[in-house]
Amino acid sequence: MGWMTRFLAAVAFLAIGVLFSPETFGSKSEGQHPPKLVTLLKLAHLLCFSTAFGAALWVTFIGGIIMFKTSHMMKERHKIEREANIGEEVGWTKNQEVAKANPKLAAMNKKFGMIHGLSSLANIFSFGCLAMHSWYLAGKLNL
């Protein structure tokens, strides 16, 4: 569900950006909307963007590290590790050794690695897109 929310947010930002920034496609935007409406829409867009940027920063670098421990897959993995009497040691884990003899644990390790990698890639891509958009917004500010 999380990837779908991020995808829809990216599509919404693109649609709003195209709608309220027609100069992106070579046309002029002067005189199309009343000045107060334009200012209000710019403020709304900037607030939405800053919220998304902050959320991406939190999920990528802070919350993602903390929240993954509570996922369903981690609970299943801990259960399997408890049954195999591993996972409690400090330092180097015995997980890889046990996974060679336990196909269920090996499959779970592979699935977890794939899901974690894709999630991290999506977060980094989203964060990068938001960083590029902040560069675009900064270039459009008139102080």
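Scope of this entry: the structure provided in the associated data block. This one's a predicted model, so the numbers in the text were calculated from it and none came from an experiment. All chains use their own residue numbering, which begins from 1 and follows the written sequence. Selection of residues for local features in this predicted model requires a pLDDT of at least 70, selection of side-chain atom pairs for listing and counting requires 80 or more, and totals for whole chains, interfaces and linings are taken over all residues. Computation of side-chain values: all heavy atoms of the structure, hydrogens and water removed.

### Focus on the nonpolar core
Within soluble globular proteins, side chains that are nonpolar generally end up buried alongside one another. To be explicit about the condition: Definition used in this section: a nonpolar core is a set of buried Ala, Val, Leu, Ile, Met, Phe, Trp, Tyr and Cys residues joined via side-chain atoms within 4.5 Å. The cut-offs for exposure are 20% and 50% of the maximum accessible area for each residue type, with area from a 1.4 Å probe on protein chains only; residues under the lower value are buried, those over the upper are exposed, and the others partly exposed. In this description a helix means any DSSP run of H or I spanning at least four residues, a strand means any run of E spanning at least two, and both kinds are numbered starting from the N terminus.
Ranked by size, the top nonpolar core spans eight residues in total: M73, M74, I80, I86, A99, L105, M108 and F112. Elements with a minimum of two residues in this core: helix 3 (72-83) and helix 5 (103-140). With seven residues, the next largest nonpolar core counts F13, F49, L130 and L137 among its residues.

### Looking at the pattern of salt bridges
The test is simple: Here a salt bridge means any side-chain nitrogen of Lys or Arg lying within 4 Å of a carboxyl oxygen belonging to Asp or Glu.
One pass over the full model with this rule turns up one salt bridge. Note that E81 is salt-bridged to R77, the shortest N-O span being 3.5 Å. Separated by four residues within a single helix, E81 and R77 lie in helix 3, roughly one turn from each other. Of the two residues, E81 and R77, both sit in the buried class.

### Some thoughts on the packing of helix 3 against helix 5
Stated formally: To get an axis, fit a line to the C-alpha atoms, keeping to the stretch in contact for a helix; angles then go from 0 to 180 degrees between the N-to-C directions. Between 65 and 115 degrees an angle is taken as roughly perpendicular, under 35 as roughly parallel, over 145 as roughly antiparallel, and anywhere else as oblique. Left-handed describes a crossing whose near helix is turned anticlockwise from the far helix by less than a right angle; the clockwise case is right-handed. Here, residues are in contact when the closest pair of their heavy atoms is within 4.5 Å. Lys, Arg, Asp and Glu make up the charged group, whereas Ala, Val, Leu, Ile, Met, Phe, Trp, Tyr, Cys and Pro make up the nonpolar group; the residues left over, Gly among them, are polar.
Look at helix 3 against helix 5: their axes get within 11 Å of each other, and the N-to-C directions meet at 155°. It follows from the interaxial angle that helix 3 and helix 5 lie roughly antiparallel. For the element pair helix 3 and helix 5, the recorded crossing hand is left-handed. Judged by residue contacts, M73, M74, E76, R77 and I80 of helix 3 engage K104, L105, M108, N109, K111, F112 and I115 from helix 5. When its residues are assigned to classes, the contact of helix 3 with helix 5 shows seven nonpolar, one polar and four charged.

### Structural notes on the environment of M74
Considering the arrangement of structural elements, one finds M74 in helix 3. Sequence spacing of M74 and M108 is 34 residues, and the spatial spacing of their C-alpha atoms is 9.4 Å.

### Brief notes about the packing of aromatic side chains
Note the following rule: Centres within 6.5 Å are what make two rings of Phe, Tyr or Trp a pair, Trp counting through its six-membered ring; a difference in plane orientation under 30 degrees is then read as stacked, over 60 as edge-to-face, and the rest as tilted. Two thresholds decide whether a charge sits over a ring: the Lys NZ or Arg CZ must be within 6 Å of the ring centre and within 35 degrees of the ring normal.
Overall, the coordinates contain two aromatic pairs when judged by the stated rule. Consider the rings of F49 and F53, whose centres lie 5.8 Å apart with planes at 35°: the pair is tilted. Here F49 and its partner F53 are both found in helix 2 (residues 35-67), four residues apart, which amounts to about one turn of the helix. On the basis of relative accessibility, which here comes to 26%, the residue F53 falls in the partly exposed class. Measuring from centroid to centroid gives 5.3 Å for F53 and F127, while their planes differ by 25°, and the two rings are stacked. Separated by 74 residues along the polypeptide, F53 in helix 2 and F127 in helix 5 bring together distant segments of the chain. An aromatic cluster of at least three residues, connected via ring pairs, comprises F49, F53 and F127. Looking at R77, its charged tip hangs above the ring of F112, at a distance of 5.3 Å from the centre.

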